[in-house]
Amino acid sequence: MKRILYVVLASLVLICAFVPVKKFSLSHRMDNAEFGMSRLISDGEIDRLFIGSSIFRQGLDVNIIGANTSRSVYLLSYNGNQPCLEASELRYLIERGVNIKELYVDMYAYTLATEVSLSDDRLVLDTDFKYMAELYKMLSEKGKAGIKELFEMAVTANNELFLTWPLSYPLVNSRYRNGSSTAGNVGKTAEILNSLPIYTRFFNLNFEQVTSLFEIIQLCRENNIKLVFVEAPKYLKIVKNKTYRVIMKEYMTLLAAENVQMIVTDQTFSTYLEMKDTKLSLIKTYEFDSSNATYFQDLIHLSTAGREAFSAALSELIEK
Amino acid sequence: MIAQIFDGTFQNSTLSLILAFAVITALYYVTPKKRRLYFLFCANVLFYLLCDYKMFAILAAETVWTFLCGGWMGRNKNRKGCLIAGIIPVIMALFGFKYFGFFCESINSALTAFGIGTTEMTLKLLIPLGISYYSFRMIGYLIDVYKQKYEHETNIITYAVFTSFFVHIISGPIERYDRFRKSVSEGLTFRSELAQKGFQRILLGLFMKAVIANRLSGYVNTVFDSPGTHPSLALWLAAFFYSVQLYCDFAGYSEIAVGFSNLLGFDTIENFRRPYLSMNIRDFWSRWHISLSSWLRDYLYISLGGNHCSKLRRALNVMVTFLICGMWHGAGWNFLFWGGYHGVLNILTPKEREKKRSFIYQLFSVLFTFVVVMFGWIFFRSSSLGTAFLYIKRMFVGFAFDRNSIINSIMPFTGDNTCVAFFLTVCLFILIFLIFELLEDKRRKPQKSLTLSAWQVFFLVSAVLFGVFGASSFIYANF
C-alpha cells in the first residue's frame, strides 16, 4: 500500500510541475514564428490584420494582398474561430499594446450560430495564464465549459507540441508565412463535393456570439481601428443552403445596423438585395465562381487555385 | 457519468469504468468479509443493469439454467443429457443474438445470386453485452463438471458472481471456474502482493488504452472508412497502427480487468503475453487472447481429437477451431476469412524446437510474424471481405514515398498542422512501450522495486498528460 501511495504522490508532483514548465518554456519560443499571437505582440504593430478560422487559413494568402503595398499584413487564425473567441483575442492584443490599423474579420455564418466553446487548443499555447483564466471564465459563463474543459486547457492542451517541439515546430512553421498557410491543396471534383454532407447543428443565431460581434465593433471604435467583415467563398452547395442564406442575411443586417463595412460574394449580395432596408454603400462585392470544384478542397475550404483567385480579388477590393 | 448511464454509453468510457471499478473495490473492502460475496453479487447485477439493463434477463436466465444443469449433472445418471440440455440454450442464445441476422443476409444473398428470390427473414437483434464471454464461461463450467474435473457448484450466488463478474463482463478474460472458486474459497481477503501487482496492471492498462489505443483510433477510422481517398503509404500506416491499436485496446482493458480482480483478491488468468514479439504464428496464438485460445484448445480442439489423430484430421481440427475462433469475433465473412487465414498459417507453421537462435534470426522472425498478423487484421477491421481485398490492393498499387505522400499520410491524424506533433507523439509512446515489452520479455528475475515504481509513475503521468479519454468504446466489447 505504501508503494502505491508513493507512486501516486510522485506522479502528482510531476504533473503539477509539468503545467508551469510547459507554459513558461513555450511562452517566448513563438515570438518569431510565422503564425500565432506571440509574433504580433512581439512586433507591436500591424497595418492589416486578418482574423478568422481555418477558412481564412486555407483560403486566404495575405502575402498576395501585401505584395502590392508596403503595409504590413498578418493572418491570425484558429480552428473554428468564432466571434466570442475573436473578441477575446482582439482584446488580448490591444491590452498588450499591439497597434492595429485595419481589421478584417472572417464572416462565416455558422460561427454566429454555434455554441460558445474552445475550438482550438493552440489559443492557450499563444497566450498567458491570465488570458487562460479569463477565457475559462468566459467559456463557463457563455458556454458549457466545466472541470473537464479546465483540465484540458490547463493540463493536456498542446502537450504533443511541447513534447515534439524541436522536430514538429520547424516543420509546421515552414508551412506558414505571415500567418497564411503556404501548403498546397488540390481541388476536388464536383461529384465528391456534392456528396459531402453539410454539418449544421445550430439554425438560429447564438445570443452570446452576437454580443461578442458587437464587442468587436466596440473595441475597434474605441481603438480607432478600421473594421471590415469579409466573407470567404464557399462551394455552391453551401451558398444555396437555406440555413446559410438565412444566417448570412441576419449577419449582414446586424452589421449594417452598426454601419460596419462588408465584403461579400456577389451571390450573397443578391440575397441581401431581397431585403427592404438596404445600405448598399457599406457592401463591396467580388466575383467568384462558387461552382468551380477545382477551387475547393471541401465545401468551405479553398484549394490553392481557389486561394489565389480569392486573395487576388480581395486585394483589388481592399486597395480600391 | 450519470448522463452516460442514461444514454447507454457508460461502458464505453475508460474513465467512467475505472471510476466505477474503483468505487466497487473500495466498498468491497468496507463490507464485512462474510458478506463480500453477496456484495459482489449485488455489484455485478447493478453494473450489468447500468450497462445494458434491457438484456439482463438473458444473463440471469442462462445463469440459473446452467447452474441447475450443473447440479443435475452431479446428481443424475444421464450426465450427457444434462450437459446437452445445459449447453444447447446457451449456444442457441449466442447464435440467435449474434449470428441469426448474418445467416439470414447470407441466405438472401445466395438466393438472389441464383435468381430464386429472397426470404422474409431479415431479423437483426441487439447483442447482449458480454454474451460471447459469459456463454463461453458457462459452457466451460458445464463441460468441466461433466468431465468431473471438479464438483458442481451448490451455491447459486457464487456461480452467479462467476458468470457475471463485473470486471470481466465487457471484454473478458474468459475465466475458468476452478480458478475463480479457489479465490472464493481462500476467503476474498486483501492480498498485499497481489494488490501491488494489480495496481501495476491497472496503470499499464490505462497507458495502453488511453495513451496509445484511443490516440490511434481517429486515424485508423479515417483511413479504413475511406481507403480510396488516401495514399498507399497512409494505408500501410493505418494497417500498422490498427495492429497496435487493437492490441493496446484489448490488452489494455484486460490489464485493467485483471488488475481490479487482483485488487479484489482474485488471481485471474493472464490474457496477453507480449504477442507481437512472437517468433511464429503458433507462438502468437500462445500469447494472444490466451483465455480464448486456451478455451478453444481445451473444449473444442481436444474434443475434436486434437493432435492424437492423422495429419489430415489434425489439420481439419485446426481449421474448424480457427473458423469458430473467427466467427466468435463477429458475424461476417471477413471474420470467417480471418479465422481461416490463421488456421492455414497455423497448419503451415512447423512445430518450433527449443533451440538457441541468432539475434538476426529472431528479429527477422518477429518482424515477419508481425507483418503476417497485420495483414490478417485488415480483414478483421474492414467492413467486408471485398473492402479488405481492395484495401490490400491499394497498399501496393501506386505506392510512393515522397514528400507529398508523407504529408498526406500524416494529415488524417488531426486534419491540421498539429498532425506532425500528434504523429510523432504516438510513435514515441509506441517506441517506449515496445522497449517496456522487450524488457519484460527478456526478464527472468522479478523487477527491482525502484524500476517497477519508475515504470508505474511513467504510466500514470503519461495517462494523465497524454491520455485521450473520449467515449471511444472498447473494440473487443463488440465481440
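Calculation notes
- Residues numbered from 1 in each chain as written.
- Chains lettered and ligands numbered in written order.
- Predicted model: local features only at pLDDT ≥ 70, side-chain atom pairs only at ≥ 80, totals over all residues.
- Heavy atoms only, no water.
- Patch = residues over 30% accessible without salt bridge, like charges linked within 9 Å, V, L, I, M, F, W, Y side chains within 5 Å.
- Areas by Shrake-Rupley, 256 points an atom, 1.4 Å probe, with all protein chains shown as cover.
- Salt bridge = Lys/Arg side-chain N within 4 Å of Asp/Glu carboxyl O.
- Buried < 20%, exposed > 50% of the residue type's maximum accessible area, 1.4 Å probe, protein only.
- Core = buried A, V, L, I, M, F, W, Y, C linked by side-chain atoms within 4.5 Å.
- pLDDT = per-residue confidence, 0-100.
- Helix = DSSP H or I, 4+ residues; strand = E, 2+ residues; numbered from the N terminus.
- Expected span 1.5 Å × (residues − 1).
- Contact = heavy atoms within 4.5 Å.
- Polar contact = N/O pair within 3.5 Å; in protein donor to acceptor, adjacent residues only side chain to side chain.
- Lys, Arg positive; Asp, Glu negative; His and termini not counted.

A.B. asks: Even after reading the chapter, I still don't get a nonpolar patch on the surface, so can you show me in this structure?
C.D. replies: Together, A:Leu5, A:Tyr6, A:Val8, A:Leu9 and A:Leu12 make up a nonpolar patch on the protein surface, roughly 490 Å² of accessible area in all. Given the relative accessible area of 53%, A:Tyr6 is considered exposed.

A.B. asks: Would you mind going over the nonpolar core with me for this structure?
C.D. replies: A general tendency of soluble globular proteins is for nonpolar side chains to be buried together. The biggest cluster of nonpolar side chains holds 158 residues, and the ones touching the most others in it are B:Phe47, B:Phe241, B:Trp288, B:Trp377 and B:Phe413. In terms of nonpolar packing, the next biggest core, distinct from the first, is built from 87 residues, A:Ile51, A:Leu112, A:Met262 and A:Tyr286 among them.

A.B. asks: For this particular structure, what's the right way to read the confidence of the model for chain A?
C.D. replies: When pLDDT drops low, the exact placement of atoms in the prediction is not to be read closely. Of the residues in chain A, 98% have a pLDDT of 70 or more, and the chain-wide mean is 88. The weakest mean pLDDT in chain A belongs to helix α16 (residues 266–273) of chain A at 78; the strongest belongs to strand β6 (residues 226–230) of chain A at 96.

A.B. asks: Sorry, what's going on with helix α5 (residues 79–98) of chain B here?
C.D. replies: Helical periodicity: at 3.6 residues per turn, an α-helix aligns residues three or four positions apart in one direction. Residue and element names in this part refer to chain B. An ideal rise of 1.5 Å per residue puts 28 Å on 20 residues; α5 measures up with 29 Å between its terminal C-alpha atoms. Within α5 the residues assigned to the buried category are Arg79, Cys82, Leu83, Gly86, Ile87, Val90, Ala93, Leu94, Gly96, Phe97 and Lys98. On its buried face, α5 sits against α4 (56–75), α6 (100–113), α7 (131–146) and α14 (311–329).

A.B. asks: Looking at this model, I keep getting lost on the side chain of B:Ser462. Mind explaining?
C.D. replies: Residue and element names in this part refer to chain B. Turning to its location among the elements, Ser462 is positioned in helix α20 (residues 449–466). Note on Ser462: relative accessible area 5%, which makes it buried. Within polar-contact distance, the side chain of Ser462 engages the backbone oxygen of Phe458 at 2.7 Å. The contact partners of Ser462, leaving out residues within four places of it in the chain, are Phe207, Val211, Phe429 and Gly467.

A.B. asks: Teacher, can you tell me more about the side chain of A:Lys22 here?
C.D. replies: All names here are of chain A. Mapped onto the fold, Lys22 is located in helix α1 (residues 2–27). Of the side chains with opposite charge, Glu160 comes closest to the buried, unpaired Lys22, at an N-O distance of 8.0 Å. Residues in contact with Lys22, not counting those within four places in the same chain, are Ala154, Val155, Thr156, Ala157, Asn159 and Phe162.

A.B. asks: What is the right way to read the pattern of salt bridges from this model?
C.D. replies: When the charged atoms of two side chains with opposite charge come close together, those side chains can pair. Overall, the coordinates contain 29 salt bridges over all chains when judged by the stated rule. Between A:Arg39 and A:Glu34 there is a salt bridge, with its nearest N and O atoms 3.5 Å apart. Residue A:Glu34 is classed as partly exposed on the basis of its relative accessible area, which comes to 23%. Where B:Asp441 meets B:Arg274, a salt bridge forms, and the shortest distance between an N and an O atom there is 3.0 Å. Highlighted residues: B:Asp441 in helix α19 (residues 419–442) and B:Arg274 in the loop between α11 (232–263) and α12 (281–285), separated in sequence by 167 residues. Accessibility expressed as a relative area gives 16% for B:Arg274, which makes it buried.

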